[in-house]
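Summary of structural features
What follows is the residue order along each chain.
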Amino acid sequence: PAAGRPAQGAEVFGIAPDPTAIATLGIALMAAGRWPLLLLPLPLAWCAAGAATLHALGSAQAWAPALAAALALGALALPGGAGGREAGRP
């Protein structure tokens, strides 16, 4: 609604690729262990491609996938960040 688009055109997780890639980043970053980190390159690449495409089309929504990718990379850079600790361990 903020972009002036009707509800029928809403991008929803599981149906539209950008929200699905963003949700996959979040799930992989919250998962315990290092194996979820193997999932990150594909959604990060999709967010980069989606942001570049939306930017080229002049869409004001280009910031969303770019911000999600930047936040995911920032979370990886934090000490004890994603995959740094097993669940339940201090």
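Bear in mind that the values here come from a model prediction, so they are computed numbers and not experimental data. Going along each chain's sequence as written, the residues are numbered from 1 onward. Where local features are concerned, this predicted model is filtered to residues with pLDDT of at least 70; where side-chain atom pairs are given and counted, the filter is 80 or more; whole-chain, interface and lining totals use all residues. For the side-chain quantities, the full set of heavy atoms in the structure was used; hydrogens and water were omitted.

1. Concerning the overall build of the protein
As a reminder of what qualifies: Where helices and strands are cited, they refer to DSSP runs of H or I of at least four residues and of E of at least two residues respectively, numbered from the N terminus. Three labels apply to residues, based on accessible area from a 1.4 Å probe with only protein chains included: buried if under 20% of the type maximum, exposed if over 50%, partly exposed otherwise in between. Should any heavy atoms of two residues lie within 4.5 Å, those residues are considered in contact. Working definition of accessibility: Shrake-Rupley area with a 1.4 Å probe, residue cover restricted to the visible protein chains.
When you go through the protein residue by residue, the secondary structure sums to three helices and zero strands. Taken from the N to the C terminus, the helices and strands of the protein come in the order α-α-α. Among the 90 residues that make up the protein, the fraction classed as buried is 26%. Taking the contacts inside the protein whose residues are at least 6 apart along the sequence as the reference set, 51% of them involve residues at least 24 apart. Carbon and sulfur atoms provide 71% of the accessible area of the protein, an area that totals close to 6000 Å².

2. Quick notes on the packing of helix α2 (residues 41-56) against helix α3 (residues 63-77)
The test is simple: An axis is simply a line fitted to the C-alpha atoms; with a helix, the fit covers only the stretch in contact. Between two such axes, the angle follows the N-to-C directions and lies from 0 to 180 degrees. Every angle not falling under 35 degrees, over 145, or within 65 to 115 is termed oblique; those three ranges are roughly parallel, roughly antiparallel and roughly perpendicular. In this scheme the crossing of two helices becomes right-handed for a clockwise turn of the near helix relative to the far one and left-handed for an anticlockwise turn of less than a right angle. We call Asp, Glu, Lys and Arg charged. Ala, Val, Leu, Ile, Met, Phe, Trp, Tyr, Cys and Pro are nonpolar, and the rest, Gly among them, are polar.
Packing of α2 against α3 brings their axes to within 8 Å, and their N-to-C directions diverge by 150°. Judged by the inter-axis angle, α2 sits roughly antiparallel to α3. When the axes of α2 and α3 are compared, the crossing they make is left-handed. In contact with Leu44, Cys47, Gly50, Ala51 and Leu54 of α2, α3 contributes Pro65, Ala66, Ala69, Ala72 and Leu73. Looking at side-chain class alone, the contact of α2 with α3 contains nine nonpolar, one polar and no charged residues.

3. A word on the nonpolar core
Quick note on the threshold: Take the buried Ala, Val, Leu, Ile, Met, Phe, Trp, Tyr and Cys residues and link them wherever side-chain atoms come within 4.5 Å; each set so joined is a nonpolar core.
Core analysis: the largest hydrophobic core is formed by nine residues, namely Ala21, Leu25, Ala28, Leu40, Leu44, Cys47, Ala68, Ala69 and Ala72. For this core, the secondary structure elements donating two or more residues are α1 (17-30), α2 and α3. Filtering out sequence-adjacent residues up to four positions away, Ala21 remains in contact with Pro43, Trp46 and Cys47.

4. Side note on a nonpolar patch on the surface
Formally: Like charges are joined within 9 Å and nonpolar side chains (Val, Leu, Ile, Met, Phe, Trp, Tyr) within 5 Å, but only among residues with over 30% relative accessible area and no salt bridge; these make up the patches. Whenever a carboxyl oxygen of Asp or Glu lies within 4 Å of a side-chain nitrogen of Lys or Arg, that contact is scored as a salt bridge.
On the surface, a nonpolar cluster with roughly 600 Å² of combined accessible area is contributed by Val12, Phe13, Ile15, Ile27 and Met30. Position of Phe13 among the secondary structure elements: in the segment before α1.

5. Some remarks on the packing of α1 against α3
Between α1 and α3, the least distance of the axes is 10 Å, while the angle of their chain directions is 10°. With respect to α3, the axis of α1 lies roughly parallel. Along the contact surface, α1 presents Asp18, Ile22, Leu25 and Leu29, while α3 presents Ala64, Pro65, Ala68, Ala69, Ala72, Ala75 and Leu76. When its residues are assigned to classes, the contact of α1 with α3 shows 10 nonpolar, no polar and one charged.

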